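# Examining the three-dimensional arrangement
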Amino acid sequence: MPSERRAPPEAAVAAATVRPVTRDDAPALLAINRACPIEANFTFYFDRAPDFFAWPDAVFDQHEYLGVYSDDRLVGYGLCGTLEGWIGDGWGPYVYGGDLRVLPGWRGAGLAKRIILEFIDRLPPGRRAAFMLVKDGNVAATGLISPRRWAVPRFVHRVLCRFEAANLLLLRRTGGPRRCRVRHAREGDVEAMAALMTRALQGRLFAPQLTAERLARDAERVPGLGLDRYFLAERDGRLVGVLAAWDEGPLRRTTLLGYDLGGKALRAGYRAASLVLRNAAPLPEVGESFRSLTATRVAIADRDPGVLEDLLRAVVDEHLGHGYHMLHVGFAGEDPLRVALKPFFAQSFRSQIYLVAEKGAYPSVWPPGHEDPYVDLAII
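Basis of the calculations
Residues numbered from 1 in each chain as written. Predicted model: local features only at pLDDT ≥ 70, side-chain atom pairs only at ≥ 80, totals over all residues. Heavy atoms only, no water. Helix = DSSP H or I, 4+ residues; strand = E, 2+ residues; numbered from the N terminus. Rg over C-alpha atoms; globule rule 2.2 N^0.38 Å. Buried < 20%, exposed > 50% of the residue type's maximum accessible area, 1.4 Å probe, protein only. Contact = heavy atoms within 4.5 Å. Areas by Shrake-Rupley, 256 points an atom, 1.4 Å probe, with all protein chains shown as cover. Lys, Arg positive; Asp, Glu negative; His and termini not counted. Charge placed at Lys NZ, Arg CZ, Asp CG, Glu CD. Phe/Tyr/Trp six-rings, centres within 6.5 Å; stacked < 30°, edge-to-face > 60°. Pairing = 2+ DSSP bridges. Axes fitted to C-alpha atoms, helices over the stretch in contact; angles between N-to-C directions. Salt bridge = Lys/Arg side-chain N within 4 Å of Asp/Glu carboxyl O. Expected span 1.5 Å × (residues − 1). Polar contact = N/O pair within 3.5 Å; in protein donor to acceptor, adjacent residues only side chain to side chain. Core = buried A, V, L, I, M, F, W, Y, C linked by side-chain atoms within 4.5 Å.

## Let's talk about the overall build of the protein
- When helices and strands are tallied, the protein shows 10 helices and 15 strands.
- In terms of C-alpha radius of gyration, the protein reaches 21 Å, essentially the compact-globule figure of 21 Å for 380 residues.
- Oriented by its inertia axes, the alpha-carbon framework of the protein measures out at about 65 × 55 × 35 Å.
- Counting across all 380 residues of the protein, residues that qualify as buried make up 55%.
- Sequence separation of at least 24 residues holds for 78% of the intrachain contacts in the protein that already meet a minimum separation of 6.
- In the structure as shown, the protein presents an accessible area of about 17500 Å², 53% of it carried by carbon and sulfur atoms.
- Separation between the mean location of the 49 positive side-chain charges and that of the 45 negative ones in the protein comes to 5 Å.

Here is the structure:
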């Protein structure tokens, strides 16, 4: 509505309050989510219905949402998700700040900054490291958290590295793995899987602490992340790679709201190509969702891109022809595993990772391992 697009009165902004949301706020959270679409060649939003909290419940050890309220009306929100991982000198909690949304009519009033500052101010001692992502081209968000724009007394922050989310389109068969034997995990594999993850991710900031017990528990707890969703790569009888291909659709999915002219041309070309690429799923109609898989808990021995390539080949070939459109894979910094994408047709979305660290928590300003962080795409 036109009134939604007008800037709010200064008095309303000044009177707005920031406080934790409750699960009773779920309908308002879902409404804000729908009202904040992303525009590219097509307009879409991340659909979290019917349970807004199902996704954070699945991917974080703890989480809290803060909301901005005008009187009792929710007009914006943000997430503070906590995970146990490597924080530079041992295992401990770290924080991801994201999933930030403000209704169009309330943007430009500094509400997003208030949410971020409130979260940082509320972090108790021991939450010594955190990170946020800002997509390239998001000028407003870049200015919002730029280290030169504002400072927080207890913390320092900086641009850490880039993050690339690659969408591998499922168009045709890859010919299968070329270097490794790839199979699904079984119950008896969890010890070896946990050992490989520990070795492969050792020393990387934010690397998860994935024990055999944690893997087995999550296989029962997290919807769609059973052991059968893990692909294992073996070479010479030795486990050299692990990747879980997780369909997050029941928890969150990309729902289409419309195509622009470029998107319509892409859709027409896609439809024409389907005469040759018979196993490729047709692009969704407006109101429908893309079906996708997220590569999560990726651990590759010696960071060998050939091993990851074989795992991706196996995932693509197994799901081609079953209605899936893409496989999402994430890379932080100068990850050598990025080379594994070469055989695939992929679209990339790039962001910058901002690191936040508690002042005086480390001998140097930044935690050890920050040069090569591990960021799991499933939590973004």
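Having seen it, we continue.
## As for the environment of R235
- Assignment of secondary structure puts R235 in strand 10 (residues 230-235).
- Distance in space between the C-alpha atoms of R235 and C161 is 32 Å, their sequence separation being 74 residues.
- When residues no more than four places from it in sequence are discounted, the contact partners of R235 are R179, C180, V240, D304 and V307.

## Concerning the packing of aromatic side chains
- Counting across every chain of the model gives 13 aromatic pairs.
- Pairing F52 with Y65 gives two aromatic rings, centres 5.2 Å apart and planes at 65°, and the pair type is edge-to-face. Of the two residues, F52 sits in the loop between strand 3 (42-47) and helix 4 (54-59) while Y65 sits in strand 4 (residues 62-70), which places them 13 residues apart along the sequence.
- Residues F60 and Y96 carry aromatic rings whose centres are separated by 6.4 Å and whose planes lie at 10° to one another, so their mutual orientation is stacked. Of this pair, F60 sits in the loop between helix 4 and strand 4 while Y96 sits in strand 6 (residues 91-102), and the two are 36 residues apart along the sequence. Across this residue pair, the class does not change: F60 and Y96 are buried.

## Comments concerning the sheet that holds strand 4
- Read across the sheet, 12 strands follow the order 1-4-5-6-7-15-8-14-13-11-10-9 without closing on themselves; strand pairing throughout is mixed. At either margin of the open sheet sits one strand with a lone partner, and together these are strand 1 (17-20) and strand 9 (181-184). Averaged over neighbouring strand pairs, the angle between their axes works out to 25° when direction is ignored.
- As paired strands, strand 9 and strand 10 are joined by 4 bridges and run antiparallel to one another. Pairing of H184 across the sheet is with F231, part of strand 10.

## Some thoughts on the sheet that holds strand 12 (residues 253-259)
- A sheet is described by the order of its strands in space; here 3 strands give the open sequence 2-3-12, paired in antiparallel fashion. Looking along the sheet, the strands with just one partner apiece sit at the ends: strand 2 (38-39) and strand 12.
- Pairing between strand 3 and strand 12: 6 bridges, direction antiparallel. Counted as the bridge partner of Y45 is T255 from strand 12.

## Description of the pattern of salt bridges
- For the structure on display, the rule yields 28 salt bridges.
- Of the charged contacts, one joins R214 and D218 as a salt bridge, the two residues approaching to 2.8 Å between their closest N and O atoms. Taken together, the residues R214 and D218, both in helix 8 (residues 212-221) and 4 residues apart, mark about one turn of the helix. Note on accessibility: R214 and D218 belong to one class, buried.
- Beyond isolated ion pairs, a larger network of salt bridges with shared partners links D61, R214, D218, R221 and R297.

## What about helix 10 (residues 305-319)?
- Helix length check: helix 10, at 15 residues, gives a terminal C-alpha distance of 21 Å against a target of 21 Å (1.5 Å per residue), a fit within 8%.
- For helix 10, the side-chain oxygen to backbone nitrogen distance between the N-cap and G306 is 2.9 Å, and the N-cap itself is D304.
- Downstream of helix 10 by one or two residues, G321 has phi in the positive range, about 85°.

## Examining unusual backbone geometry
- Each neighbour pair has its own omega, and for A49 with P50 the value is 5°, a cis peptide bond.
- Relative to the helices and strands, P50 resides in the loop between strand 3 and helix 4.
- One non-glycine residue with positive phi stands out, namely D236, at about 55°.
- Mapped onto the fold, D236 is located in the loop between strand 10 and strand 11 (238-246).
- By relative accessible area, which is 81% here, D236 ends up exposed.

## Let's talk about the pairing of strand 4
- Bridge count between strand 1 and strand 4: 4 bridges; the pairing is antiparallel. When the sheet's bridge partners are listed, P20 is paired in strand 4 with L66.
- For strand 4 and strand 5 (residues 73-86), the ladder comprises 9 bridges, and the chain directions are antiparallel. Each residue of the ladder has a partner; that of E64, found in strand 5, is C80.
- Counted between consecutive antiparallel strands, the loop separating strand 4 from strand 5 contains 2 residues, among which D71 sits at a positive phi close to 55°.

## Some details on the nonpolar core
- With 121 residues, the main nonpolar core has Y230 and L327 as its most contacted residues.
- With residues up to four places along the chain from it excluded, the contact list for Y230 reads R183, H184, A185, M193, M197, L215, L225, V242, L243, A244 and R297.

## Some details on helix 5 (residues 111-122)
- Taking 1.5 Å per residue as the helical rise, helix 5 with its 12 residues ought to reach 16 Å, and the 17 Å between its terminal C-alpha atoms agrees with that figure.
- Where helix 5 is concerned, the buried positions are L111, A112, I115, I116, F119 and I120.

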